[in-house]
Amino acid sequence: MKTIETDAVVTVDGHLTLDIPVNAAPGQYRVLVVLEEQSISKPECPPLDLPVDDLGPWPEGLTLSREEMYGDDGR
């Protein structure tokens, strides 16, 4: 017997979805489900405050085609 602790998702129609480690062989298993009193809330990530550098408009006629960016060998 193995004990696996993982997060699961319960849909509005009562289906339980969970991921288990890959090393479990396919087949039918008897499982024990313990539901916490409250669902797990994912912490919200704060918005990224990245620096912004405005270098002006792109040069007129600039193309970034693969042929112009790479040599004849394709790299």
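Residues numbered from 1 in each chain as written. Predicted model: local features only at pLDDT ≥ 70, side-chain atom pairs only at ≥ 80, totals over all residues. Heavy atoms only, no water.

*Asks:* Is there a simple way to explain the overall build of the protein in this structure?
*Replies:* Scanning the protein from terminus to terminus reveals 1 helix and 2 strands. Ordering the α and β elements of the protein from the N terminus gives β-β-α. Against the 2.2 N^0.38 benchmark of 11 Å for 75 residues, the protein shows a C-alpha radius of gyration of 26 Å, more extended than a compact globule. Judged by the C-alpha coordinates and their principal axes, the protein covers about 65 × 35 × 25 Å. (Helix = DSSP H or I, 4+ residues; strand = E, 2+ residues; numbered from the N terminus. Rg over C-alpha atoms; globule rule 2.2 N^0.38 Å.)

*Asks:* Where do I start with the environment of P26 in this structure?
*Replies:* With respect to the helices and strands, the residue P26 is situated in the loop between β2 (16–18) and α1 (66–69). Counting along the chain gives 13 residues from P26 to D13, while the straight-line C-alpha distance between them is 25 Å.

*Asks:* Looking at this model, I keep getting lost on the layout of surface pockets. Mind explaining?
*Replies:* Any space left empty among the atoms is revealed by the rolling of a water-sized probe across them. By volume, the largest pocket is sized at about 1400 Å³. Forming the boundary of the largest pocket are 29 residues, of which I4, T6, D7, A8 and L18 lie nearest the centre. For the lining of the largest pocket, the secondary-structure elements that each account for two or more residues are β1 (8–10) and β2. Looking at the lining of the largest pocket, its residues break down into 16 nonpolar, 6 polar and 7 charged. (1 Å grid on protein atoms, 1.4 Å probe; cavity = no way out; pocket = protein on both sides within 12 Å on 5 of 7 lines; lining within 4 Å. Points joined across faces, edges and corners; volume = space filled by probe spheres on them. Nonpolar A, V, L, I, M, F, W, Y, C, P; charged D, E, K, R; others polar.)

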